[in-house]
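Tertiary structure, described
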Amino acid sequence: MNKGAPKIPESGRMRRIIKNRAIYLMILPGFLYFLIFKYIPMSGLIIAFQDYQAYLGVTGSPWVGLKHFERLFTEPMFFTILGNTLLLFFLNLAFYFPVPIILALMLNEVRREVFKRFIQTLVYIPHFMSWVIIVSISFVMLSMDRGIINELLVMAGFEKINFLMSSEWFRPMYVMQIIWREAGWGTIIYLAAMAAIDPGLYEASRIDGASRFRQMWHITLPSIRSVIVVLLILKIGDVLELGFEHIYLLLNSMNRNVAEIFDTYVYTAGLKQGQFSFSTAVGFFKSLIGLILVMLANWLAKKAGEEGIY
Amino acid sequence: MKKNKASTILAIVTALSVLAGCGGNSAPAATGSSNGSPAQGENKSEPVTISIMANLHTPEVPSDMIEKLLEEKTGTKLDIQWVPDGTYDEKVNASFATGTLPQVTYLKNAASLVNMRDAIRNGQFWEIGPLLGQYPNLSKLKPEVLKNTAVDGKIYALYREVPLSRQGIIYRKDWADKLGLSAPTNVDEFYNMLKQFKEKDPDGNGKEDTIPLTDRNDLIYGAFKTISSWLGTPNNWGEKDGKLAPEFMFPEYMETMKFFKKLHQEGLINQDFPVTSKTDQQNLFITGKSGVYIGAMGDVSSLHPKVVEVNPDAELDVQNKIEGGPNGFGIWSVPGYGSVILFPKTAIKSEEELKDVLAFMDQLMSPELGNLIYWGVEGQHHKLEEGKVIPSEDTKLTDREVKPYQAMQVGGPLTIEGFYEPKHMLPVKAKSEEMITENNDYLIEDPSASLDSKTFNEKGVQLQEMIKDGTYQFMLGDIDEAGFQAVVDNWLKSGGQQIIDEFNVSYESSK
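Residues numbered from 1 in each chain as written. Chains lettered and ligands numbered in written order. Predicted model: local features only at pLDDT ≥ 70, side-chain atom pairs only at ≥ 80, totals over all residues. Heavy atoms only, no water.

Remarks on the confidence of the model for chain B
Residues and elements named next belong to chain B. Confidence in the prediction for chain B averages 86 pLDDT; 91% of positions are at 70 or higher. Averaged over each element, pLDDT in chain B is lowest for helix 2 (residues 31–34) (38) and highest for helix 10 (residues 251–265) (95). The model gives residues 12–44 a pLDDT under 50, and that stretch makes 37 contacts with residues more than four places away or in other chains. Taken together, the chains of this predicted complex give a pTM of 0.79 and an interface ipTM of 0.78. (pLDDT = per-residue confidence, 0-100. Helix = DSSP H or I, 4+ residues; strand = E, 2+ residues; numbered from the N terminus. Contact = heavy atoms within 4.5 Å.)

A word on the side chain of N108(A)
Residues and elements named next belong to chain A. Looking at the element boundaries, N108 is found in helix 6 (residues 98–109). Judged by its relative accessible area of 14%, N108 is buried. In this structure N108 touches K116, L191, M194, Y202 and T220, once residues within four positions along its chain are discounted. (Buried < 20%, exposed > 50% of the residue type's maximum accessible area, 1.4 Å probe, protein only.)

What to know about the sheet that holds strand 15 (residues 421–422) of chain B
Residues and elements named next belong to chain B. In spatial order, the strands read 13-14-15; together these three strands make up an open sheet with mixed pairing. Strands with a single pairing partner mark the edges of an open sheet, and in this sheet they are strand 13 (382–385) and strand 15. By the bridge criterion, four bridges tie strand 13 to strand 14 (residues 388–391) in an arrangement that is antiparallel. Its bridge partner lying in strand 14, H382 is registered against P391. (Pairing = 2+ DSSP bridges.)

Quick look at the packing of helix 4 (residues 88–97) of chain B against helix 5 (residues 110–121) of chain B
Residues and elements named next belong to chain B. Their axes nearest at 11 Å, the elements helix 4 and helix 5 cross at an angle of 10°. Relative to helix 5, the element helix 4 is oriented roughly parallel. Seen from helix 4, the contacting residues are D89, V92, N93 and F96; seen from helix 5, they are S112, M116 and A119. Across the contact of helix 4 with helix 5, the residue classes break down as four nonpolar, two polar and one charged. (Axes fitted to C-alpha atoms, helices over the stretch in contact; angles between N-to-C directions. Parallel < 35°, antiparallel > 145°, perpendicular 65-115°, else oblique. Nonpolar A, V, L, I, M, F, W, Y, C, P; charged D, E, K, R; others polar.)

Comments concerning the interface of chain A and chain B
A common measure of how large an interface is: the accessible area buried when the components associate. Across the contact, 28 residues belong to chain A and 31 residues belong to chain B. Summed over both sides, the interface of chain A with chain B buries roughly 2600 Å², with 53% coming from carbon and sulfur. On the surface where chain A and chain B come into contact, there are two salt bridges. Among the salt bridges present, the one from D469(B) reaches R256(A), with a minimum N-O distance of 2.4 Å. Remark: the boundary between chain A and chain B carries eleven residue pairs in polar contact (both at pLDDT 80 or more). Of the residues contributing to the side of chain A that touches chain B, the split by class is 14 nonpolar, eight polar and six charged. (Buried area = accessible area lost by both parts, 1.4 Å probe. Salt bridge = Lys/Arg side-chain N within 4 Å of Asp/Glu carboxyl O. Polar contact = N/O pair within 3.5 Å; in protein donor to acceptor, adjacent residues only side chain to side chain.)

What follows is the structure, given as structure tokens:
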């Protein structure tokens, strides 16, 4: 132990806090926010281990150990739900995630400022529409009875396709709707990152005779690499947030085997039927998977030489 | 998480609006005690506050005009929480879980009551059966209906009366006349009507583009259950060899599914009916793309003006009594009540308080207030002619000021003496009312209405989803008879057999 070791005596630490009180005060609201709205509600997870009965409350309800988890794992739908949740997530990652990057790269190449702003506004708009509207629009377009898409198919000599009530079309429909709604909005962060790239790099490469495509490949993309990685990890953090509302609206008796996910299941089992403990257990399990995936992604990012998120 | 936030905001908004609402009402009128309710005899300086949660069937929050009148006439202060119909059950469940149910809680329907049975049994709600006799109006509620709402033979709920069976057909009479068809009286004639409506170009536009029957994603209030009772399927549960069994284990249920499969394959029904909303379903009918609508016959009064607006030559007619099974005509019925009203102990602390609340409910059921919440104010929302009501034609006004309060009705025409009868200016509406009464002679009742099964309370709803999925899959041709049998087997295995056994035990003991 030498002098000036990191260990600060109790009084010293207090003194430091008092000295920097302005900064600590600034942390306070954020700290309270997380405490009140994120951490205290977590104690509600307790009811996953109880047979929660509203009139007995958390303190009075009987403890049942892992009963609800056992029920979840033995539920006939369990593997279907787990599979659907993960598959939809990976489809989302594979097909949606790259789209905003590509779109941002393309927008970045638009040199006329007015034109660029115009396109940007245009692609942002769908983000402000609610899922109800988007799903309704696609129902009208894809309906078997009078849907324009099916009318066109018939005119072109094809059979009508049952988009809304078939297992095969649920996933493509889901991913397409996400791309349609979110791709434009997703470009914002990438465009901001691209704006921060030193123009000198482009100038230098032009002198060296790099084409527009080469510039994009060798300068723009590597410069936003860390942003991409951070966003990817964040995205994985939302793993199981596949958009409850969206899927719930698309879900029906005919596509349940591919469309039922944890969120919709929690909703039907929990709120509709009042099985609070069971649905809390399901939600708990879902969050655990999310946590594991985030840690995995972060670890991989660090291995790849990026900073990660923590 | 999202739900929580939304409800917090809702709670804040409600709290604010309640504050705002109370501001204007400073005069605690003493009229309440003059109505002769026993519990309100003594002079109270403070008006009693009654909190209520009610189902909102209109898109907008109602004006508080009727609420003010109610407060004035009963000498109470009302705190009404309006919850949109679409999320009503969830809101009740969530409020129940957090112990924030109001003093007067309206439950949506019989199924919601089943969900609450455990809580009721655990003493979360006041038993009101023994008290009802003390109230002049409440004592008029029908014992046989109250029995259907009972839990373990004890009465906890008041109820809102609804006609026992409103089901029937509404169809385009002008189309039928053009093709020389008369109203169908059996399933074959009905099928023939659909067929002709498809092939014979009833709308005369030279194209085969009509969708004869319009249906929606609802196996109960849509066409399915009604057609199933034409074919003789029991109502939810039926007796088979002296034992109760669920409807889908009867051959008639299979017949119904096959009938729908045929309709679907032949294009006699909208192809997307399992995902069609009620609005879209009605739109097909209103815009003249479709000519037959199965549901509540009373809907004809709201459909008629809209259909005529699109096509002035259109004529509508209603029809019931379609024969299909060996037992002649039959139609499924509800157990005599629509919504039920519970009184949570978390909100009502003492028996004294309960009596105050019941006294208020008793007044709601008086002819004066019963008519007020159902028909609104005379001269403003309706006219009286020969003692019958002619509702105002300004439906926007009545939708905003009266219709929402109808959800708060206690009892109904059969139990409130002096409840106004409507005078129908539209002949077809009058005919539909007659037919609704006529249905009473052919009811197929639900034998399980007053029975109880622990497993059914726990997972009945979830298990029913399985059957619902299977039924749709069969009708759309995704699975065959063996496939449906597999669904039923799975249902039995996942708890269905237990439900059957428990219902039968309960059935035996109730005999």
